[in-house]
Amino acid sequence: MPEATGPIGIAGAGAWGTALANAAAMAGNDVILWMRSPEQAAELAGTRMNERFLPGVRLLDRISPTADLGRLASCCAVLLVTPAQTTREMAEALSPVLSRKTPLVLCAKGIERTTGAFLCDVVEEVRPGAPVAVLSGPSFAHDVARGLPTAVTLACRDAALAEDLATALSGPTLRVYHRTDVRGVEIGGAAKNVLAIACGAVAGRGLGESAKAALIARGFAELLRFARAYGGEPETLMGLSGLGDLVLTCSSAQSRNFSFGLRLGQGASAETASEGKLVEGAATASALVALARAKGVDMPIAEAVEQILSGAWTLDQAVDALMNRPIKSEH
């Protein structure tokens, strides 16, 4: 960590933010957990339970809930755990609060829809010269909060800082590996959400396990092609933040993206399939496809998801389009 010491800050008290707060506390850190609502902060401080987002999981004693963003100024690092599409807004709010030396660790998985910018680029635009990192990998909030064994990846271009941050966040049940390939880690996290929607739709339509396995394999090939085009390292995508996260998200109804796709496959519209919950893959799909087209990257599965979400194709039309592509070598 930087020479300055202090608590770990968590900006965002949804399920993932609360889980990471518990994980950071289990790793031996004091934690300041920020949320927008003073009423929620007071309730959380009193009950130590975030029943709205993470029912049944107790907030550890080393965590201090607050609605005062200024409290994060004392933190040696801040984890930004708000939705991907609010990253710019939150970085701008944090910019006058945090020291330029304070690392901001991005924990959302997505691409800015309005600009097509990767989230680290958004933060670097808002906080030029300040350290930025990204945390990603196969992890469900309930597992992490309950102290079930989980491994993720943290990437920062500063190798020493990446190692320091990973060490600070690693505890008895959360193992954090570190890399310098920021682009590869954030691409793995963003793209797998779109592919998980496709896998959920296959399951919802009852197309079989063989189809789902093929979709995961070919989806991973798309992810690799996209990452290479944008400077990600193939080794990164073969790890936790790429293949590991893809397999988890494409295989479990605990994933909001998979569950969203599942309901699409069962006949729900894109408007009703979310059930009022945030689905990062749905917000990211159009930006991902636009970036792929800009570099001439072939991503037929991601494009099929984008076409379904836009209403241009039905699920059956998407399946027909994928199955009737020209026959070619697998690689």
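In this text, all values refer to a predicted model and were calculated from it rather than measured experimentally. (Residues numbered from 1 in each chain as written. Predicted model: local features only at pLDDT ≥ 70, side-chain atom pairs only at ≥ 80, totals over all residues. Heavy atoms only, no water.)

S.K.: So what exactly am I meant to see when it comes to the UniProt feature "binding site: sn-glycerol 3-phosphate" (unreviewed entry) in the protein here?
M.R.: The positions that UniProt labels "binding site: sn-glycerol 3-phosphate" (unreviewed entry) are, in the present scheme, Lys109, Gly137, Ser139, Lys192, Asp245, Ser255, Arg256 and Asn257. In this structure, the largest cavity is lined, among the annotated residues mentioned, by Lys109. As for its placement among the helices and strands, Ser255 is situated in the loop between α10 (240-249) and α11 (256-265). Owing to a relative accessible area of 3%, Ser255 belongs among the buried residues under this scheme. Ignoring anything within four residues of it in the chain, the contact list for Ser255 reads Phe140 and Thr249. With respect to the helices, strands and loops of the structure, Arg256 is situated in helix α11. Judged by its relative accessible area of 42%, Arg256 is partly exposed. Ignoring any residue separated from it by four or fewer positions in sequence, one finds Arg256 in contact with Lys277, Leu278 and Val279. (UniProt positions renumbered as here; feature names shortened; annotations may be inferred. 1 Å grid on protein atoms, 1.4 Å probe; cavity = no way out; pocket = protein on both sides within 12 Å on 5 of 7 lines; lining within 4 Å. Helix = DSSP H or I, 4+ residues; strand = E, 2+ residues; numbered from the N terminus. Buried < 20%, exposed > 50% of the residue type's maximum accessible area, 1.4 Å probe, protein only. Contact = heavy atoms within 4.5 Å.)

S.K.: Whenever I open this one, the domain arrangement of the protein confuses me. Can you help?
M.R.: Note on interface size: it is often stated as the accessible area lost on association of the parts. Along its sequence, the protein is carved into domain 1 (8-180) and domain 2 (190-324). Using C-alpha coordinates to define each centre, domain 1 is positioned 26 Å away from domain 2. At the interface, 21 residues of domain 1 touch 24 residues of domain 2. Together domain 1 and domain 2 conceal approximately 1800 Å² of surface at their shared face, both sides included; 65% is due to carbon and sulfur atoms. When the buried surface of domain 1 facing domain 2 is broken down by residue, Lys109, Ile111 and Phe140 rank first, second and third, together holding 34% of it. At the junction of domain 1 and domain 2, the tally comes to two salt bridges. Salt-bridge contacts for Lys109 lead to Asp245; the nearest nitrogen and oxygen are separated by 2.7 Å. Inspection of the region where domain 1 meets domain 2 yields five residue pairs in polar contact (both at pLDDT 80 or more). Elements with a minimum of two residues in the side of domain 1 that touches domain 2: β7 (150-156) and β8 (174-179). When the residues that make up the side of domain 1 that touches domain 2 are grouped by side-chain class, the tally is 10 nonpolar, seven polar and four charged. (Domains from an automatic or database assignment. Buried area = accessible area lost by both parts, 1.4 Å probe. Salt bridge = Lys/Arg side-chain N within 4 Å of Asp/Glu carboxyl O. Polar contact = N/O pair within 3.5 Å; in protein donor to acceptor, adjacent residues only side chain to side chain. Nonpolar A, V, L, I, M, F, W, Y, C, P; charged D, E, K, R; others polar.)

S.K.: Is there a simple way to explain the packing of aromatic side chains in this structure?
M.R.: Each pair of aromatic rings is reported with the distance of its centres and the angle of its planes. In total, this model carries three aromatic pairs according to the counting rule given. Taken together, a centroid distance of 6.5 Å and an interplanar angle of 65° make the contact between Phe118 and Phe226 edge-to-face. Of the two residues, Phe118 sits in the loop between β5 (104-106) and α4 (119-126) while Phe226 sits in helix α8 (residues 209-229), which places them 108 residues apart along the sequence. Among the residues examined, Phe118 registers a relative accessible area of 6% and is labelled buried. With 4.9 Å between their ring centres and 35° between their planes, Phe226 and Tyr230 make a pair best called tilted. For the pair Phe226 and Tyr230, a shared accessibility class is recorded, and that class is buried. Chaining the aromatic ring pairs together yields one cluster made of Phe118, Phe226 and Tyr230. Sitting over the ring of Tyr230, Lys295 keeps its end group 5.1 Å from the ring centre. (Phe/Tyr/Trp six-rings, centres within 6.5 Å; stacked < 30°, edge-to-face > 60°. Lys NZ or Arg CZ within 6 Å of the ring centre and 35° of its normal.)

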